[in-house]
Amino acid sequence: MIRVQPERFLHGVLPGVSWTGGGSRLPLAVGTKLTADTVRAARVPAGLYLAFTGPASTVELTVETGERTSVPAPTLPEAFAVRVPGFPARLVPLPPGGGTELIVLPARDPSSVVRVYFPEAAEVRVVALGADRRLEPVEPGPRWVVYGDSVTQGWSVSAPGLAWPTLVAEALGLDLVNLGFAGAARGELPTADVVAASGAAAVALAWGTNAYSSLPTSPAQLAETTRLYLTAVRQGLPDVPVLVVSPIVRPAAEKVPNRFGASLAELRAAMEDAVRRFAEATQDDRLVLLPGRDLVPAAHLVDGVHPGDEGHRALAERVTPHVAAGLGRHTPPARPVSGR
């Protein structure tokens, strides 16, 4: 086996963050300022994947594993997804307790980009990477940073690589950094600072449902949190396109008040109004709001909260044009959003 440095082939990691070292999607110093649920979720490699070309027929991947997360069916958290153009996607089991997995690749054009997606609901850290023949790294596209909750993390897809941010990034040739944190993502300002310092070419913010129940709040507080979050992002990224997606439908919460008397519909309206007011007050024509209520049909939720594969595809199809428009002529030609 020819041994290579995994970092050269790993996509989806912020600058200065080592997935082979710390094993977190966030800078380690930020973790001291965040709640435990956010820190724990950051150890899941959501959106991360290895990408390479070359004539190799076998890849040897050595990993360490941590906690598994209880997630809505039909998520398969304990597998890699190997995707090769022109071939069906294949799931490769995660080695129990960590170890080395041998991934056999199909015969293909050596210029084809092979992607090995990591699970969205299990802690996995890369230790070593090797192949029987030469591997070539793939140049990343423009960086697209997405902040959100479990829907963004991809908690409820049936295989790695099918969450809506990954589908959008693949369609537009972007290098996704997925900052989706299951059970968290309530507008924590330290994460806004991470987004602001990311050097992103574009940003999407898709959070709010956990402000209903995970850590309940009121419409007024959510509106102010939204304003402060946007302010912090704009302090570091004053000119990049920012898309805000308000919470998708959650039937059991739409009209039912939380402990502070706020329904999800009221919280969603407060967030959307805050985005509009911020854009107007700052004359920010690079800030776009995409109301989330009707983006995913309720029938596409696997548990009344999280979308399954169909729901993630529907969300990706609605988000993709807005991200493409924000990036303008700098965006590579779009490919169909299929998730296959």
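Residues numbered from 1 in each chain as written. Predicted model: local features only at pLDDT ≥ 70, side-chain atom pairs only at ≥ 80, totals over all residues. Heavy atoms only, no water.

Draft legend 1. Just the packing of aromatic side chains, in detail. Evaluation of the coordinates by the stated rule reveals seven aromatic pairs. On the basis of an interplanar angle of 45 degrees and a centroid distance of 5.0 Å, the ring pair of Tyr49 and Tyr117 is categorised as tilted. Of this pair, Tyr49 sits in strand E3 (residues 49-53) while Tyr117 sits in strand E8 (residues 114-117), placing them 68 residues apart in sequence. The pair formed by Tyr49 and Tyr117 is uniform in burial state, with each residue classed as buried. (Phe/Tyr/Trp six-rings, centres within 6.5 Å; stacked < 30°, edge-to-face > 60°. Helix = DSSP H or I, 4+ residues; strand = E, 2+ residues; numbered from the N terminus. Buried < 20%, exposed > 50% of the residue type's maximum accessible area, 1.4 Å probe, protein only.)

Draft legend 2. Quick look at the sheet that holds strand E1 (residues 2-4). One open sheet holds the four strands; their spatial order is E1-E9-E4-E7, and the pairing between them is antiparallel. Either end of the sheet is taken by a strand with one partner, and the two such strands are E1 and strand E7 (99-104). Neighbour-to-neighbour, the strand axes of the sheet open up by a mean angle of 35 degrees, direction not taken into account. The pairing of strand E4 (residues 58-68) with strand E9 (residues 122-131) spans eight bridges and is antiparallel. In the sheet register, Thr62 faces E9, and the bridge partner there is Ala128. (Pairing = 2+ DSSP bridges. Axes fitted to C-alpha atoms, helices over the stretch in contact; angles between N-to-C directions.)

Draft legend 3. Focus on the packing of helix H5 (residues 189-196) against helix H6 (residues 219-236). Packing of H5 against H6 leaves a shortest axis separation of 7 Å and a crossing angle of 25 degrees. Considered as vectors, H5 and H6 are oriented roughly parallel to each other. Taken as a pair, H5 and H6 cross one another with a handedness that is right-handed. Listed contacts from H6 to Leu189, Thr191, Ala192, Asp193, Val195 and Ala196 of H5 are Leu228, Tyr229, Ala232, Val233 and Gly236. Within the contact of H5 with H6, the residues separate by chemical class into eight nonpolar, two polar and one charged. (Parallel < 35°, antiparallel > 145°, perpendicular 65-115°, else oblique. Left-handed = near helix turned anticlockwise from the far one by under 90°. Contact = heavy atoms within 4.5 Å. Nonpolar A, V, L, I, M, F, W, Y, C, P; charged D, E, K, R; others polar.)

Draft legend 4. Structural context of H6. If you check H6, its first and last C-alpha atoms are 26 Å apart, about what 18 residues at 1.5 Å a residue would give, namely 26 Å. Taken together, the buried positions of H6 are occupied by Leu222, Thr225, Thr226, Tyr229, Leu230, Ala232, Val233 and Arg234. Structurally, H6 contributes buried residues whose contacts are with strand E11 (143-148), H5, strand E13 (202-206), strand E14 (242-245), helix H7 (264-282) and strand E15 (287-290). (Expected span 1.5 Å × (residues − 1).)

Draft legend 5. Fine view of empty space enclosed by the protein. One pass over the full model with this rule turns up three cavities of 30 Å³ or more. Taken as a whole, the largest cavity holds about 140 Å³ of empty space. Forming the boundary of the largest cavity are 15 residues, of which Asp149, Val151, Ala206, Pro247 and Ile248 lie nearest the centre. In terms of residue class, the lining of the largest cavity is made up of 10 nonpolar, three polar and two charged. (1 Å grid on protein atoms, 1.4 Å probe; cavity = no way out; pocket = protein on both sides within 12 Å on 5 of 7 lines; lining within 4 Å. Points joined across faces, edges and corners; volume = space filled by probe spheres on them.)

Draft legend 6. Spotlight on the sheet that holds strand E12 (residues 175-180). Read from one edge to the other, the open sheet built from five strands follows the order E12-E11-E13-E14-E15, with strand pairing classed as parallel. Lying at the two open borders of the sheet, with one neighbouring strand each, are E12 and E15. Neighbour-to-neighbour, the strand axes of this sheet turn through a mean angle of 15 degrees, independent of strand direction. In this structure, E13 lies alongside E14, joined through three bridges in parallel fashion. The partner of Ala204 across the bridge, within E14, is Leu243. Contacting E11, E12 and E13, helix H4 (residues 164-172) runs over the sheet at an angle of about 165 degrees to E11. Here H6 sits on the sheet in contact with E11, E13, E14 and E15, set at roughly 160 degrees to E14.

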